[in-house]
Amino acid sequence: MKRLPQALMTAVALAALTLAAGCSSEGDPVSFDTPGARAAAAGGAGAKGGRAAEAAAKTQLPTGPKASFTTANTLDDGTRIGVTTLEGRKSGFTGQVWVWAPKEYFDPAYASSGFPVLISLPGGHGYPTNYWMGTDLKLQENISRWSEEGASLPFIVVMPVLNPDSDHYYDGSDIPGQPKMGTWMTEDVPDFVRANFRTFKSRDGWAFMGSSSGGFVGLKSALERPDKFKAVIASGPDTVPDSPLWSGHERERQANNPEKLAESLSTRPDTKENEVFLAFQIGTKESGMNNLKRFIRDYGKGPVKTRLQVIENGGHDARSYVRGMGEGSLKWISEQMQAPIRVP
């Protein structure tokens, strides 16, 4: 059967997506596996050579089991932010996760390709919600615009809860006797994404972004698991663990200290396999500039690659950090990561 021109196929798929989103409201079911994408993937399954072969070699197709998502928010372009409850099999912790996929994810030209993942973490306690799931900060809207301008990759944005309650900070770590939030963040959340989305097999498709306490967790997680994550944007972060729950567990606290982790990683051979890209951000109206400069001076060597985005008149707030991302941080990590592979 004669196939429709690619441009027409793309327009039809996106029109259907927008129509479906326009008819939906908060709480309605939402799927990230569109019929158009499934058909295109099936049609290209036997393709040999070129970009199709590259996509097949690098892409991890969804492994299942599929989660049930409901609509949390809808963007102007018709894409939706979904939410689900994840029961972490490895951590034993259960919490909510919000997700968003860019419109390119639904384009049949990318149906056989993985997409890079940006695990985005909030400041504060980050419980019971993750503020990046709201449309007021325009994170997803800006990623769409920046990707069109060539200043960002079209990331899948994953927004898990940061802590198990609003009583304490857990430093994104497995503190003895406490919920295993380190395992939740670096094992359960990525496993969940791989179960439900087309991702990349290598760490080249995985990064963190976080502000304040979320910046600390993203920084610590990338340095702790450089085999799984290639980059992080850490905005206004602390660089040492400071949860009071570490009391009596100093050895474990130091094992989760980004300064110790960076120091150890910096002594490894400076090869592509060991490289981790740390994009720091800080506003001129907040404290902590000297600490970040010291961290970069002491540990930004060998495979530990660093960059500092100074945000003029920026404060210790998410809006300032989104501005900094657009001023260079997101472009820098995008240049280090795997882009989606378009198969004509």
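The numbers attached to residues start from 1 for each chain and follow its sequence in the written order. Owing to the predicted nature of the model, reporting of local features is limited to residues with pLDDT of at least 70; listing and counting of side-chain atom pairs is limited to 80 or more, with chain, interface and lining totals taken over all residues. Side-chain numbers come from the whole structure's heavy atoms, not from hydrogens or water.

A.B. asks: Hey, could you run me through the packing of helix α6 (residues 213-224) against helix α8 (residues 258-266) in this one?
C.D. replies: Helices that pack against each other are described as a pair by the angle of their axes relative to one another and the distance between those axes. Only the stretch in contact is used when fitting a helix axis, every axis being a line fitted to C-alpha atoms; angles between N-to-C directions are given from 0 to 180 degrees. Under the scheme used here, helices are H or I runs from DSSP no shorter than 4 residues and strands are E runs no shorter than 2 residues, and both carry numbers assigned from the N terminus. Where α6 contacts α8, the axes come no closer than 9 Å and their chain directions differ by 30°. Taken together, the axes of α6 and α8 are roughly parallel relative to one another. Seen along the crossing, α6 lies across α8 with a hand that is left-handed. Of α8, the residues touching α6 (which contributes F216, L219, K220, L223 and E224) are P258, L261, A262 and L265. Should an angle lie under 35 degrees it is considered roughly parallel, over 145 roughly antiparallel, and from 65 to 115 roughly perpendicular; all remaining angles are considered oblique. With the far helix as reference, a near helix turned anticlockwise by less than a right angle produces a left-handed crossing, and one turned clockwise produces a right-handed crossing. We call two residues contacting when some pair of their heavy atoms lies within 4.5 Å.

A.B. asks: Looking at this structure, how should I read the nonpolar core?
C.D. replies: In globular proteins that are soluble, nonpolar side chains generally tend to be buried together. We call a set of buried Ala, Val, Leu, Ile, Met, Phe, Trp, Tyr and Cys residues a nonpolar core when their side-chain atoms join them within 4.5 Å. Partly exposed describes any residue whose relative accessible area lies between the buried limit of under 20% and the exposed limit of over 50%, with all areas from a 1.4 Å probe on protein chains only and scaled to the type maximum. In terms of nonpolar packing, the biggest core is built from 85 residues, with I119, V158, W184, F197, L278, L330 and I333 touching the most fellow members. Once residues lying within four places of it in the same chain are set aside, the contact partners of W184 are L86, G88, S91, F93, G95, Q96, V97, P160, V161, V189 and P190. If you look at the next biggest cluster of nonpolar residues, it comprises 5 residues, including A52, A55, F200 and V343.

A.B. asks: Can you walk me through the environment of Y127 in this structure?
C.D. replies: Relative to the elements of secondary structure, Y127 occurs in the loop between β6 (117-121) and α4 (139-149). On the basis of relative accessible area, Y127 is assigned to the partly exposed category, the value being 36%. It is 6.4 Å that separates the C-alpha atoms of Y127 and L162, two residues lying 35 residues apart in sequence. Every residue in contact with Y127, bar those within four places of it in the chain, is listed here: N163, P164, D165 and S166.

A.B. asks: Is there a simple way to explain helix α10 (residues 318-334) in this structure?
C.D. replies: Side chains that are three or four residues apart share a direction in an α-helix, a result of its 3.6 residues per turn. To estimate the expected span of a helix, subtract one from its residue number and multiply by 1.5 Å. For α10, built from 17 residues, the straight-helix expectation of 24 Å at 1.5 Å per residue is missed by more than 12%, its first-to-last C-alpha distance being only 20 Å. The largest bend along α10 reaches roughly 65° and is located at G326. In terms of burial, α10 is a largely internal element, 12 of the 17 residues being buried. Those residues of α10 not exposed but buried are A318, S320, Y321, V322, G324, M325, G328, S329, L330, W332, I333 and S334. Looking at the packing, one finds that the buried side of α10 touches β6, α4, β9 (206-211), β10 (231-235), β11 (276-283) and β12 (304-311). We define a polar contact as two N or O atoms separated by no more than 3.5 Å, with the added condition that, inside protein, one atom must be a possible hydrogen donor and the other a possible acceptor, whereas residues neighbouring each other in sequence contribute only through side-chain atom pairs. The N-capping residue of α10, defined by a side-chain oxygen 3.3 Å from the backbone nitrogen of R319, is D317. One axis fitted to the seven residues ending at a residue, another fitted to the seven starting there: the angle between these axes is the bend at that residue.

A.B. asks: Explanation requested: the environment of W100 in the structure shown.
C.D. replies: Looking at the secondary structure, you find W100 in strand β5 (residues 94-100). A polar side-chain atom of W100 sits 2.9 Å from a polar atom in the side chain of T79.

A.B. asks: Which parts of the structure should I look at to understand the pattern of salt bridges?
C.D. replies: Side chains that differ in sign of charge can pair as their charged atoms come close. Between Lys or Arg on one side and Asp or Glu on the other, a salt bridge is scored when a side-chain nitrogen of the former is within 4 Å of a carboxyl oxygen of the latter. Enumeration according to the criterion identifies 22 salt bridges in this entry. Salt-bridge contacts for R225 lead to E187; the nearest nitrogen and oxygen are separated by 2.8 Å. Of this pair, R225 sits in the loop between α6 and β10 while E187 sits in helix α5 (residues 181-196), and the two are 38 residues apart along the sequence. Given the relative accessible area of 22%, R225 is considered partly exposed. Of the charged contacts in the structure, one is a salt bridge between K230 and D204, with a shortest N-O distance of 3.3 Å.

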